[in-house]
Amino acid sequence: MVGVVSGILIVSAVIAVGYVAARLRILGPEVQGALTRTAFYVTNPALLFTVVAGSDIRAALGTDTPLALLSAAAVGLLYCLLSFLFFRRPVAETAVGAMASSYANANNIGIPVSLYAVGTAQHVAPVLLVQILVLAPFYLTVLGLASGSRVSWKKLLVQPFANPMIIASGLGAAVALTGWTVPDLLQKPIDMLAGGAVPMVLLAFGLSLAGKAPLQKGDGRTETFVATVLKISGMPLVVWVLGRFVFGLEGQHLLASVIMGALPTAQNVFLFASPYGRGVTVARDVILCTTILSVGALLAVAWLLS
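Residues numbered from 1 in each chain as written. Predicted model: local features only at pLDDT ≥ 70, side-chain atom pairs only at ≥ 80, totals over all residues. Heavy atoms only, no water.

A word on unusual backbone geometry
Note: most peptide bonds trans; most residues except glycine with negative phi.
Then, in step 1: Positive phi, normally seen in glycine, also occurs at arginine 25, with a value near 60°.
Then, in step 2: Examined against the element boundaries, arginine 25 turns out to sit in the loop between helix H1 (2–23) and helix H2 (29–53).
Then, in step 3: Owing to a relative accessible area of 74%, arginine 25 belongs among the exposed residues under this scheme.
Then, in step 4: Even without glycine at this site, arginine 88 takes up a positive phi of about 55°.
Then, in step 5: Note on placement: arginine 88 falls in the loop between helix H4 (64–87) and helix H5 (91–100). (Helix = DSSP H or I, 4+ residues; strand = E, 2+ residues; numbered from the N terminus. Buried < 20%, exposed > 50% of the residue type's maximum accessible area, 1.4 Å probe, protein only.)

Here it is, written out as structure tokens:
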């Protein structure tokens, strides 16, 4: 299971660099905010444009795409129900928890894990597209509306088009659907910026770990526990049930789909929550817990379904 372990270790190493840099006071607390803002407004939009523009959107609209969407929606709704019944957290914090329980790290960890487990990364693209084109715009819109003082139809319609990552995803989808080739003079700078997106987010996440110990009492510990259990155990189970009994998947295809469901929470959840200052601690702690626990979860899925 070298692919599973190596994918986790690569991500963890960059996070550790950020943590050590903060502990040694090489980078101060103000750097975390600068990194998250730069990632949110510059590098992540460049990465999303590149990923979506290079994807075969039509081919992705098969079994994998509806399965990824339905499983993420089911787990997110389950978290919202639990929040409504037991936590009674505000809308923005509930949205972050729901996203943390269903938004997978398909890019950084999903690609190497999928390549090793099933020999191809083709099952990663549909998950990424669902997250980029559907889940991210939805949750960012909810966060934007919940963080404001007043909700109106005008604000509801305008909010998605005011977010740089949603704009970049839409432009990438337009390029992919039309088949237009972006000139090198424009694409190469975008690629350079996109290359800094992942390490920038991981460094910012590592810096945040040095500021406050995770899983503190009264700091969303219950919500963190529930979101972690849903992401590591609940989501792969939901994917297996839907894939096996609704979509009729078997063998390697079913294995690949469940592996996508068992991936840890993506660092983008922390990135999305940071500018709004809502649910940031829960996002950080769920990412940390699921990244650690996902090693065992992925190994168990590979063993049970191989």
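Here the narrative resumes, following the displayed structure.
Some remarks on the packing of aromatic side chains
Then, in step 1: Inspection of the entire model under this criterion finds five aromatic pairs.
Then, in step 2: Seen in terms of ring centroids, tyrosine 79 and phenylalanine 87 are 5.9 Å apart; in terms of plane orientation they differ by 50°. Their pairing is tilted.
Then, in step 3: Here tyrosine 103 and phenylalanine 272 contribute two aromatic rings whose centre-to-centre distance is 5.9 Å and whose plane-to-plane angle is 90°, an arrangement assigned as edge-to-face. With a gap of 169 residues between them, tyrosine 103 in the loop between H5 and helix H6 (106–118) and phenylalanine 272 in helix H14 (residues 268–273) connect regions that are remote in the sequence.
Then, in step 4: Residue tyrosine 103 is classed as buried on the basis of its relative accessible area, which comes to 3%. (Phe/Tyr/Trp six-rings, centres within 6.5 Å; stacked < 30°, edge-to-face > 60°.)

Comments concerning the packing of helix H12 (residues 221–246) against helix H13 (residues 251–261)
Then, in step 1: H13 packs onto H12 with a crossing angle of 150° between their chain directions and a minimal axis gap of 8 Å. Comparing the axis directions of H12 and H13 gives the class roughly antiparallel. Handedness of the crossing formed by H12 with H13: right-handed. Facing H12, whose interface residues are Lys231, Met235, Pro236, Val239, Trp240, Gly243 and Arg244, H13 presents Leu254, Ser257, Val258 and Gly261.
Then, in step 2: Taken together, the residues of the contact of H12 with H13 break down into six nonpolar, three polar and two charged. (Axes fitted to C-alpha atoms, helices over the stretch in contact; angles between N-to-C directions. Parallel < 35°, antiparallel > 145°, perpendicular 65-115°, else oblique. Left-handed = near helix turned anticlockwise from the far one by under 90°. Contact = heavy atoms within 4.5 Å. Nonpolar A, V, L, I, M, F, W, Y, C, P; charged D, E, K, R; others polar.)

Looking at the pattern of salt bridges
Then, in step 1: A complete count under the given rule lists three salt bridges for this structure.
Then, in step 2: Here arginine 89 ties to glutamate 223 by a salt bridge, and the two come within 3.2 Å at their closest N and O atoms. Of the two residues, arginine 89 is situated in the loop between H4 and H5 and glutamate 223 in helix H12; the sequence distance between them amounts to 134 residues.
Then, in step 3: A salt bridge links arginine 278 to glutamate 93; the shortest N-O distance between them is 3.0 Å. In this pair, arginine 278 sits in the loop between H14 and helix H15 (280–305) while glutamate 93 sits in helix H5, placing the two residues 185 residues apart along the sequence.
Then, in step 4: Glutamate 93 gets classed as buried once you look at its relative accessible area, which sits at 17%. (Salt bridge = Lys/Arg side-chain N within 4 Å of Asp/Glu carboxyl O.)

Interpretation in functional terms is not warranted from these geometric data alone.
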